[in-house]
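# A structural walkthrough
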Amino acid sequence: MTAAIAVTGLTKRFGGRAVVDSIDLSVEEGRIMGFLGPNGSGKTTTIRMLCGLLRVDAGEGTCLGLDIRRDAAAIKRQAGYMTQRFSLYEDMTVAENLDFAARVHGVPDRKARVAEAVERMGLAARRNQLAGHLSGGWKQRLALAASILHKPRLLLLDEPTAGVDPQARRDFWDRIHGFAAEGMTVLVSTHYMDEAERCHAIAYIAYGRLLAHGTVEEVVAGSGLAAAAVRGGGPGLIERVKALPAVETATAFGAVIHVAGGGGAALAADLSAFCAAEGVDWEPEEPTLEDAFIHLMAGSRDNMAEGAA
Ligand SMILES: Nc1ncnc2c1ncn2[C@@H]1O[C@H](COP(=O)(O)OP(=O)(O)O)[C@@H](O)[C@H]1O
Ligand SMILES: [Mg+2]
């Protein structure tokens with residue numbers, strides 16, 4: 001396996017504050033890496049450093065085998081970047097937007113490439129529509145088409161599916177998997193758990209620090225959490241569940257309360273005693289990726305608070 005991205009100690013400071021703080025990241029060629037974390041945690045900044053748009057303050061490594069410090073311009077040419085707010089020209093048609101993007105990237109054989117992109121992305125029926133008149137899902141598809149016109153080997157997608165309906169999101173992910181199957185490497189930031197679960201690997205960052213990195217299973221297992229479902233309680237039960245020492249989070253899903261907390265036997269011991277006293281049922285469940293992320297974020301907030309004290 002060849003690494004498409006292999007960086008260590010990646011750091012960016014703004015006004016003396018490290019908003020990306022010594023991140024190590026590796027992504028194998030042809031893989032889809034999901035990039036998750038709360039707003040303001042440094043995802044966009046990291047993506048911009050990786051594709052050569054933003055200077056690195058510290059750290060080293062390679063993107064597509066090129067040095068992230070020395071070869072930023074060459075990386076930029078071989079990477080496709082879809083920004084957080086798709087940059088389309090609303091008063092130009094679909095075809096004109098693509099033609100313009102092809103000129104900007106200096107794509108050879110422009111007409112043929114645009115025609116190919118229109119065909120491949122299912123844009124033929126809309127090629128003469130103004131981009132400004134497209135729905136969110138079609139704008140997203142056009143932006144994706146524009147970002148791959150120059151046949152990048154690495155595609156960086158910054159929250160590409162925010163505000164897009166479920167059918168368009170699903171279609172989008174099928175396309176991303178199609179690209180990966182052809183050898184393209186994809187780094188995609190998202191807030192959606194179902195999307196994270198469609199990635200080969202994920203990285204979770206908070207406050208500029210990388211807190212977890214691996215497959216979904218590895219990240220969930222690494223959290224050390226246990227989880228359970230509590231059923232059959234009346235109003236107010238969830239508040240009492242939350243008050244149990246081993247419980248970190250309790251969330252209602254309809255009539256079922258999903259509980260996550262202290263690994264090992266602590267959660268089971270608390271719930272056994274509690275549920276017997278309340279006259280309700282419980283059973284163990286697998287912890288979810290969302291449980292793991294909430295746990296990681298709470299832990300890092302505590303660390304920050306200690307560091308500040
Ligand atoms: N050009 C900039 N100048 C100063 N601060 C910035 C700049 N770009 C981003 N930041 C700050 O860096 C932090 C990380 O931002 P960003 O990478 O956009 O996070 P995310 O994409 O995870 O929401 C935020 O606190 C943001 O305000
Ligand atoms: Mg961002």
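That block above? That's the structure.
Parameters at a glance
- Residues numbered from 1 in each chain as written.
- Chains lettered and ligands numbered in written order.
- Predicted model: local features only at pLDDT ≥ 70, side-chain atom pairs only at ≥ 80, totals over all residues.
- Heavy atoms only, no water.
- Donors = N, O, S within 2.8 Å, 3.2 Å for Na, K, Ca; no water.
- Helix = DSSP H or I, 4+ residues; strand = E, 2+ residues; numbered from the N terminus.
- Buried < 20%, exposed > 50% of the residue type's maximum accessible area, 1.4 Å probe, protein only.
- Near = heavy atom within 4 Å.
- Polar contact = N/O pair within 3.5 Å; in protein donor to acceptor, adjacent residues only side chain to side chain.
- Areas by Shrake-Rupley, 256 points an atom, 1.4 Å probe, with all protein chains shown as cover.
- Nonpolar A, V, L, I, M, F, W, Y, C, P; charged D, E, K, R; others polar.
- Pairing = 2+ DSSP bridges.
- Axes fitted to C-alpha atoms, helices over the stretch in contact; angles between N-to-C directions.
- Contact = heavy atoms within 4.5 Å.
- Core = buried A, V, L, I, M, F, W, Y, C linked by side-chain atoms within 4.5 Å.
- Phe/Tyr/Trp six-rings, centres within 6.5 Å; stacked < 30°, edge-to-face > 60°.
- Lys NZ or Arg CZ within 6 Å of the ring centre and 35° of its normal.

## Here's the deal with the coordination of the magnesium ion (ligand 2)
The protein atoms that coordinate the magnesium ion (ligand 2) are T44 (OG1) and Q84 (OE1), at distances spanning 2.0 to 2.6 Å. Of the two residues, T44 is situated in helix α1 (residues 43–50) and Q84 in the loop between β6 (79–82) and α3 (94–104); the sequence distance between them amounts to 40 residues. Taking relative accessible area as the criterion, T44 reaches 26% and is therefore assigned partly exposed.

## Re the site of ligand 1
Taken together, F14, R17, V19, P38, N39, G40, S41, G42, K43, T44 and T45 make up the full set of residues near ligand 1. R17 places a polar side-chain atom, nitrogen or oxygen, 3.0 Å from an oxygen atom of ligand 1. Between ligand 1 and T44 there is a distance of 2.8 Å, counted from an oxygen atom to a side-chain nitrogen or oxygen. Compared with its free state, where it exposes 570 Å², ligand 1 has 60% of that area covered by protein. It is α1 that provides the largest number of residues to the shell around ligand 1, a total of three residues. Classifying every residue of the shell around ligand 1 gives three nonpolar, six polar and two charged.

## Observations concerning the sheet that holds strand β9 (residues 201–206)
Consider a sheet: its strands pair through backbone hydrogen bonds, and that pairing is either parallel or antiparallel. Read across the sheet, six strands follow the order β6-β7-β8-β3-β9-β10 without closing on themselves; strand pairing throughout is mixed. At either end of the open sheet lies a strand with only one pairing partner, and these are β6 and β10 (209–214). Each strand axis lies, on average, 15 degrees off the axis of its neighbour in the sheet, ignoring direction. Its contacts with the sheet put α1 on β3 (32–36), β6, β7 (154–158), β8 (185–189) and β9, and the angle it makes with β7 is roughly 155 degrees. Where helix α5 (residues 136–147) meets the sheet, it contacts β6 and β7, and its direction lies at approximately 160 degrees from that of β6.

## What about the nonpolar core?
One finds L98, L123, L144, L157 and I202 to be the most contacted residues of the largest nonpolar core, which totals 47 residues. With six residues, the single largest contributor to this core is α5. In contact with L157, other than residues within four places in its own chain, are I47, M82, L144, F172, I176, V186, L187, V188 and S189. The next biggest cluster of nonpolar side chains, apart from the first, holds 28 residues, and it includes L10, V19, I23 and L25.

## Things to note about the packing of aromatic side chains
Here the distance between the centres and the angle between the planes together describe a pair of aromatic rings. Scanning all chains against the criterion turns up two aromatic pairs. With a centroid separation of 5.1 Å and 75 degrees between ring planes, the pair formed by Y89 and F100 is classed as edge-to-face. Of this pair, Y89 sits in the loop between β6 and α3 while F100 is found in helix α3, placing the two residues 11 residues apart along the sequence. In this structure Y89 comes out as partly exposed when scored by relative accessible area, which is 40%. Arranged with centres 4.4 Å apart and planes meeting at 15 degrees, the rings of Y204 and F293 form a pair that is stacked. In this pair, Y204 is assigned in strand β9 and F293 in helix α11 (residues 289–308), connecting sequence segments 89 residues apart. Both residues of the pair, Y204 and F293, belong to the buried class. Above the ring of Y192, the side-chain terminus of R169 is found at 3.9 Å from the ring centroid.

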